[in-house]
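Residues per chain, in single letters:
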Amino acid sequence: MRRENFLSGVVDDLYRAESRRVFATLVRLLGDFDLAEEAMHDAFAAALEQWSRDGVPANPRAWLISTGRFKAIDRIRRRARFDATLVELAELLDARASETAESQDDAHLEDDRLRLIFTCCHPALAPDAQVALTLREVCGLTTEDIARAFLATAPTIAQRIVRAKAKIRDARIPYQVPSRDELPERLDAVLAVVYLVFNEGYSTSSGETLTREAIRLGRLLTELLPEPEALGLLALMLLQESRRAARTSAGGEPVSLDEQDRSLWNREWIAEGLALVERALQSPRLGAYSVQAAIAAVHAEALTAAATDWAQIVGLYDVLLRIRPTPVIELNRAAAIAMRDGPATGLALIDAILARGELADYAPAHAARAELQRRIREL
Amino acid sequence: MKYLCLIYHAQSMLDAISPAEFSTMQEGLRAFLEELQEKGQLVDVNRLKPVRTATTVRVREGKLSTTDGPFAETKEQLLGYLLIEASDLNEAIRIIARFPPIRFGSVEIRPIEDSLYV
C-alpha cells in the first residue's frame, strides 16, 4: 500500500512536470492532437499499473512516449476494424514506430515543445483560437480554467479549441518550427499571444492564473529560443507583475504608479527583469517589447517616484515611437515630457495630439490632460 | 475561350437537402462531368474544403500578414486563380507570399478535397 502511494506521488509529479512535453512529442509522432492527448493519458495510466510491478524505469519520459505511441497504434488498429479508412494510418504509424528511435533524443524533444507553441500560435488560426489552444495544449489548463479566466462559458472555449484543431488538420498546418527567414513574423505572433494572455490577467483581479501562465510561457520561450524580443517580453511581464501587490489599495481601488508603496514591489522579479532587459538591449535591432521593458526598468530602479529618471524615459519613448508610431505611445511620451520639462510643455503636446482627432474618444488622454491642468494650477 | 465557373452554396441550403435528393444530385453530377469530359470541354474541376479552412494572405510594405478566414475586402474582386501543389499550408503561404500581385491585393488559400464526391 505504502509503495503504491509512493508510486502515485511519483507519477503525479511526473505528470505535472512532463505531461505537456510527452504530449508535444506524441503530436509529432502521431500527427494528431486528439490522438496524442488520448495516448498521453493511456501512457500515464499504464505507468501507474506497470511501475508498481516492475519499478520506475531509468528514463521515465522515454518510457511514457514509447508507451503512448504503442497505445495509440493499438487504438487505431481497434478502430480500423470498424472504419476501413484507418487501416492505412495504422500501418503508417506502425512503420514509423520502428524507424525513429533516434527521433527521441533530447534535441528533438525540446524542438517538439517549440513545434507545439508555433503550431498553436499559427497566424492562420483566429487570435482567440490561438490563445485558447496555447493555454490548453502548451500550458495544460483545462477548458473550464480557460473559460473562467476569460469570463466565457466552457462550451464556447471548447468549441474554439475543436475548430482550431480541425483547421490544423484540414488545412494541413504543419507541426514545425519556422525557418530562420520566417521566424521574425512567426515569433511576433507567438509573443502577441503570450502578451494577450498576460494583459487579460493583468486587467482582471482574478487574473493571476493568466499572468502566471504568461510568465511561464515567456520563460519556456526564452529557454528554448532566446531571441531578444522574447527576452524583452519576459522582462516586461516580470517588471509589470512585480507591482501587483502595490497596484490596488486595500479597498480594491487602483493606485497610480507615483502613489504606489514601492516596498511592496517584488524585488526578486525586478532583479530578474532587469537582468533580462540588459540582455535584450544588447541586440542591434531593438524591438518594441524590449524598449517597453526598458521603460518599466527605469521605473523599477527608482526608489521613490520623485527619483524617476524622466530624461531617460523620454529618450526611450522616442525610440519606441520610431518602432511603433501610434498616437497612444505619443501620448505616453507627452506625459513623460511633462514630468521632465513641466506640465505646460506636456499639455501643449497633448493638445496637439488631441487636435488630430484620433484619440478624441480615448479616456486616458483626457484624464492625462486634466491632470496636467491641475498641476499647472498648483504651480 | 475558357470560362472559370465559380460554385457558391449556403451551408443551410445543403443541410436542408434530403439524403435521397442528395444522392440523385451526386449521380447527376457524375453524368454531367463525364459528358463534358467526353466532349473535351472539362478542363479541371475540384471541390474545396469547407470555408473554415480558409486562410487569407497579404503582403504590405514587405510585411506578410496571414489571417484566419476568407477576408477579401468588399472592394476587392476576383481576379484569377492559381492551383498549386504544396506539402502543407506553410509551404502554400511561402509560395503565395512571393506572388507579385499579392502586394496589391489578397489571396485566399483554400485546401482542395481529396475526392470530388462526398
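About the thresholds
- All residue numbers refer to positions counted from 1 along the written sequence of the respective chain.
- Each chain takes a letter, starting from A, and each ligand takes a number, starting from 1, following the order in which they are written.
- Local features in this predicted model are restricted to residues of pLDDT 70 or higher, and side-chain atom pairs are both shown and tallied only at a pLDDT of 80 or more, whereas totals for entire chains, interfaces and linings draw on every residue.
- To obtain the side-chain values, all non-hydrogen atoms of the structure were included, while hydrogens and water were left out.
- Put simply, DSSP marks the helices as runs of H or I at least four residues long and the strands as runs of E at least two long, and each gets a number from the N terminus on.
- When we talk radius of gyration, it's over C-alpha atoms, and the globule rule is simply 2.2 Å times the number of residues to the 0.38.
- Working definition: with a 1.4 Å probe on protein chains only, accessible area under 20% of the residue-type maximum means buried, over 50% means exposed, and in between means partly exposed.
- Any two residues whose heavy atoms approach within 4.5 Å at even a single point are treated as in contact.
- Pairing of aromatic rings covers Phe, Tyr and Trp, the last through its six-membered ring, and needs centres within 6.5 Å; plane angles under 30 degrees mean stacked, over 60 mean edge-to-face, and all others mean tilted.
- In our convention, an over-ring charge means Lys NZ or Arg CZ found within 6 Å of a ring centre and within 35 degrees of that ring's normal.
- Bear in mind that the domain bounds are from an automatic or database domain assignment.
- The term buried area denotes the loss of accessible surface (1.4 Å probe radius) that occurs when two parts are joined, taken as the sum for both partners.
- Each salt bridge in this description consists of a side-chain nitrogen of Lys or Arg and a carboxyl oxygen of Asp or Glu lying within 4 Å of one another.
- Here a polar contact means two N or O atoms within 3.5 Å. Within protein one must be a hydrogen donor candidate and the other an acceptor candidate, and residues neighboring in sequence count only if both atoms are side-chain atoms.
- The nonpolar class holds Ala, Val, Leu, Ile, Met, Phe, Trp, Tyr, Cys and Pro. Asp, Glu, Lys and Arg form the charged class, and all remaining residues, Gly among them, are polar.

Moving on to the overall build of chain B. The helix and strand tally for chain B stands at three helices and three strands. Helices (α) and strands (β) of chain B occur, in sequence order from the N terminus, as α-α-β-β-α-β. Against the globule reference of 13 Å for 118 residues, chain B gives a C-alpha radius of gyration of 17 Å, more extended than a compact globule. Dimensions of chain B, computed from the C-alpha atoms along their principal axes, are close to 50 × 35 × 30 Å. Evaluated residue by residue, chain B yields a buried proportion of 20% over its 118 residues.

With that settled, consider the environment of A:Ala43. All names here are of chain A. Within the element layout of this structure, Ala43 appears in helix α2 (residues 33-54). Taking the C-alpha atoms as reference points, Ala43 and Arg69, separated by 26 residues in sequence, lie 8.4 Å from one another. In this view, Ala43 contacts Trp63, Leu64, Thr67 and Gly68; residues no more than four positions away in its chain are not counted.

In this section: the packing of aromatic side chains. All names here are of chain A. Per the stated rule, a full pass over the model turns up seven aromatic pairs over all chains. When the centroid spacing of 4.9 Å and the interplanar angle of 75° are considered together, the rings of Tyr15 and Phe44 count as edge-to-face. On the criterion of sequence distance, the pair formed by Tyr15 in helix α1 (residues 2-30) and Phe44 in helix α2 is long-range, its members being 29 residues apart. Of the residues examined, Tyr15 reaches a relative accessible area of 29% and is grouped as partly exposed. Overall, Phe44 belongs to the buried group, its relative accessible area being 6%. Between the aromatic rings of Trp51 and Trp63, the centroid separation amounts to 5.1 Å while the plane-to-plane angle is 65°, which identifies the pairing as edge-to-face. Here the residue Trp51 occupies a position in helix α2, and Trp63 occupies one in helix α3 (residues 60-80), the gap between them amounting to twelve residues. Each member of the pair, Trp51 together with Trp63, is buried. Each member of the aromatic cluster is reached from another via a ring pair, and the members are Tyr195, Phe198, Tyr202 and Tyr289. Between the NZ or CZ atom of Arg243 and the centre of the ring of Trp265, over which it lies, the distance is 5.7 Å.

It is worth spelling out unusual backbone geometry at this point. One non-glycine residue, A:Leu151, lies in the positive phi region at around 50°. Given the relative accessible area of 74%, A:Leu151 is considered exposed.

Another point: the domain arrangement of chain A. Residue and element names in this part refer to chain A. The assigned domain composition of chain A is domain 1 (1-104), domain 2 (106-190) and domain 3 (309-379). Between domain 1 and domain 2, the C-alpha centre-to-centre distance is 21 Å. On the domain 2 side, the residues contacting the 16 residues of domain 1 number 19 residues. A combined buried area of about 1,500 Å² lies between domain 1 and domain 2, and 56% of that area is made up of carbon and sulfur atoms. Connecting domain 1 to domain 2 are five salt bridges. Its salt-bridge partner being Lys165, residue Asp34 comes within 2.7 Å of it at the nearest N-O pair. Along the contact surface separating domain 1 from domain 2 lie seven residue pairs in polar contact (both at pLDDT 80 or more). Going through the elements one at a time, α1, α2 and α3 are the ones with two or more residues in the side of domain 1 that touches domain 2. Class assignment of the residues belonging to the side of domain 1 that touches domain 2 gives a composition of five nonpolar, three polar and eight charged.

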